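Structural characterization, general
The primary structure of each chain is shown beneath.
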2 protein chains.
Amino acid sequence: MAEAPTKFPEVQGGGSLIIAWQIKGKKVLVVGGGEVAAGRILHCLNADANVTVVAPRARLNPEVAYRVAQKQVTHVDRTFEPADLDGADMVLVAVDDPAASTQIWKLCKERRIPANIADVPPECDFYFGSVHRDGPLQIMVSTNGKGPRLASLIRKFIAKQLPSDAGRAIERVGQLRVRLRQIAPRPEDGPKRMAWMTKVSDAYPFDEICGLSDEDIGNLLRFYPAGKVPSLEELKAMRSSPPAEKLDVFDGSFGFSVGA
Amino acid sequence: MAEAPTKFPEVQGGGSLIIAWQIKGKKVLVVGGGEVAAGRILHCLNADANVTVVAPRARLNPEVAYRVAQKQVTHVDRTFEPADLDGADMVLVAVDDPAASTQIWKLCKERRIPANIADVPPECDFYFGSVHRDGPLQIMVSTNGKGPRLASLIRKFIAKQLPSDAGRAIERVGQLRVRLRQIAPRPEDGPKRMAWMTKVSDAYPFDEICGLSDEDIGNLLRFYPAGKVPSLEELKAMRSSPPAEKLDVFDGSFGFSVGA
């Protein structure tokens, strides 16, 4: 408040560093097999992790038991033992045993393994939030511990506001990037490619991008050589009269599709 | 597709594990002082980290130079040396030197320090996304690498949809939790407290919670002993006729505020 205003963003302390951790093919150890463990396991499977669950079979909740039966996770049918940490890249603990939890936390810290002990904030390298998922799109809501229930409410509120095909729109922009690389594959094209992709992303509001068809993407690419980006109206005006989907399917055999 | 449908959520691979990393008081080493480094530094300061920036002074961009001058970060005025990793809890690299970056990545992996090498996905334990921040509320958008620009567009789209006082609403629910603990402080009250907080969070849509005043929170607490939650209409009907704000300010000296 007392500092002179600058053109740089002011620091707003009290938050977390929210990051997209990469656990594809990594070993995640989940200790416990109850409801909280079930949620953690799903998060990890959605991120392509190799999940090992350590918990006596009798204590598995139906969802965890289902994932074990489906071989989506590896199951170790007993309580935790320190050797379970061998090779683990991340450890998630969700058992109703504070003493055991603290022991696991300490072992993880000795071995520098990132860990989360459910419901024990001081024994967590990271917290979970409420996550909306739609294909490549992930939106995570955190209230930094003020209201976990509220995080889930806000996630639902956001999901309702998002265009229904938001995930597909992102795939489409991903395809645009891939097709652009085919047109301009040389490393020295990099800066022009990046500058043009930025222009495209800035040219249309997000909900309008969701409405672009594969045909629109093809038309858009025609503007790349000149480094230009058409207005949304120009782009829509380029659409052929038959439905775009049909044109794509019959690409190269156009004569057959006319009037179909 | 071939599997029988179950009552459990289906796994949707290809995502990341999005987590709120806790770096309050932890040492984060940022190697590089350009625009990307500036963004990383702000993220870390917003999460109360002790940030050390390693980069020759001549290469600091204006924002990083400002943070150094303001003593918001510790500055090491030279290029990276392996000893910089001593005591580091996290390392963020953003330099235009692929060979040096790879060397730092390898050192971090030997020492099991979480690290992110900007623009080199295979040399990242985690990625960044686009973050909306409003007090205790943080919303992170990731497109899992399909479109970083798009992530920022989506973040802006979400920010526009959110009630303008979303952050304050979360603070208010946090206050409700604190005041509830004062009313019902015993550990054995825990389950009743949690059940009631859940009921409250489920009773009103998120945008309506944003509209609750401090007076409403006080009125709401009167329903706790009976374990009940009033409808929004009941709660609004309990409001006193003078503006709630004034009542709060003049609490205990009501006579003065009437007619003020």
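Looking at an unreviewed UniProt entry, chain A carries the name precorrin-2 dehydrogenase, with the source organism given as Achaetomium macrosporum. Quoted straight from UniProt, the Catalytic activity (unreviewed entry) entry for chain A says "precorrin-2 + NAD(+) = sirohydrochlorin + NADH + 2 H(+)". For chain A, the Pathway (unreviewed entry) comment in UniProt is given as "Porphyrin-containing compound metabolism; siroheme biosynthesis; sirohydrochlorin from precorrin-2: step 1/1."

1. Focus on the domain arrangement of chain A
When the parts of a complex come together, some accessible area is lost, and that lost area is often used as the size of the interface. All names here are of chain A. Here chain A is partitioned into domain 1 (27-128), domain 2 (131-162) and domain 3 (166-253). Counting residues at the interface gives four residues for domain 2 and five residues for domain 3. Buried area between domain 2 and domain 3, summed over both chains or domains, comes out near 370 Å², and the portion from carbon and sulfur atoms is 79%. Ranking the residues of domain 2 by area buried against domain 3 places Asp 134, Pro 136 and Leu 137 at the top, with a combined share of 82%. For the pair domain 2 and domain 3, the interface holds zero salt bridges. Run the count over domain 2 and domain 3 and you get one residue pair in polar contact (both at pLDDT 80 or more). Among the residues making up the side of domain 2 that touches domain 3, the classes are represented as three nonpolar, no polar and one charged.

2. Describing the relation of the copies chain A and chain B
One chain copy maps onto the other through a rotation about an axis and a shift parallel to that axis. It takes a turn of 180° to lay chain A on chain B, together with a shift of 0.0 Å along the axis; the resulting RMSD is 0.1 Å. Between the two chains, the operation in question is that of a two-fold axis.

3. As for empty space enclosed by the protein
Residues and elements named next belong to chain A. With the rule as written, the count across this model stands at three cavities of 30 Å³ or more. As a volume, the largest cavity reaches approximately 40 Å³. For the lining of the largest cavity, the secondary-structure elements that each account for two or more residues are helix H5 (166-183) and helix H8 (214-221). Of the residues assigned to the lining of the largest cavity, the class counts are eight nonpolar, no polar and no charged.

4. Observations regarding the side chain of B:Arg193
As for its placement among the helices and strands, B:Arg193 is situated in helix H6 (residues 190-203). Looking at B:Arg193, its side chain comes within polar contact range of the main-chain oxygen of B:Arg186, at 3.5 Å.

5. Examining the packing of helix H4 (residues 148-161) of chain A against helix H5 (residues 166-183) of chain B
At a closest axis distance of 10 Å, the pairing of H4(A) and H5(B) adopts a crossing angle of 150°. With respect to H5(B), the axis of H4(A) lies roughly antiparallel. By crossing handedness, the relation of H4(A) to H5(B) is classed as right-handed. Residue-level contacts link A:Pro148, A:Leu150 and A:Ile154 of H4(A) to B:Ala169, B:Ile170, B:Val173 and B:Arg177 of H5(B). Among the residues forming the contact of H4(A) with H5(B), the class breakdown is six nonpolar, no polar and one charged.

6. Focus on the packing of aromatic side chains
Inspection of every chain in the model, using the stated rule, returns nine aromatic pairs over all chains. Between the aromatic rings of A:Phe8 and B:Tyr66, the centroid separation amounts to 5.2 Å while the plane-to-plane angle is 40°, which identifies the pairing as tilted. Here the residue A:Phe8 occupies a position in the segment before strand E1 (17-21), and B:Tyr66 occupies one in helix H2 (residues 62-69), the pair thus bridging two chains. Residue A:Phe8 shares its accessibility class with B:Tyr66, and that shared class is buried.

Calculation rules
Residues numbered from 1 in each chain as written. Chains lettered and ligands numbered in written order. Predicted model: local features only at pLDDT ≥ 70, side-chain atom pairs only at ≥ 80, totals over all residues. Heavy atoms only, no water. UniProt positions renumbered as here; feature names shortened; annotations may be inferred. Domains from an automatic or database assignment. Contact = heavy atoms within 4.5 Å. Buried area = accessible area lost by both parts, 1.4 Å probe. Salt bridge = Lys/Arg side-chain N within 4 Å of Asp/Glu carboxyl O. Polar contact = N/O pair within 3.5 Å; in protein donor to acceptor, adjacent residues only side chain to side chain. Nonpolar A, V, L, I, M, F, W, Y, C, P; charged D, E, K, R; others polar. Least-squares fit on C-alpha atoms with pLDDT ≥ 70 in both. 1 Å grid on protein atoms, 1.4 Å probe; cavity = no way out; pocket = protein on both sides within 12 Å on 5 of 7 lines; lining within 4 Å. Points joined across faces, edges and corners; volume = space filled by probe spheres on them. Helix = DSSP H or I, 4+ residues; strand = E, 2+ residues; numbered from the N terminus. Axes fitted to C-alpha atoms, helices over the stretch in contact; angles between N-to-C directions. Parallel < 35°, antiparallel > 145°, perpendicular 65-115°, else oblique. Left-handed = near helix turned anticlockwise from the far one by under 90°. Phe/Tyr/Trp six-rings, centres within 6.5 Å; stacked < 30°, edge-to-face > 60°. Buried < 20%, exposed > 50% of the residue type's maximum accessible area, 1.4 Å probe, protein only.

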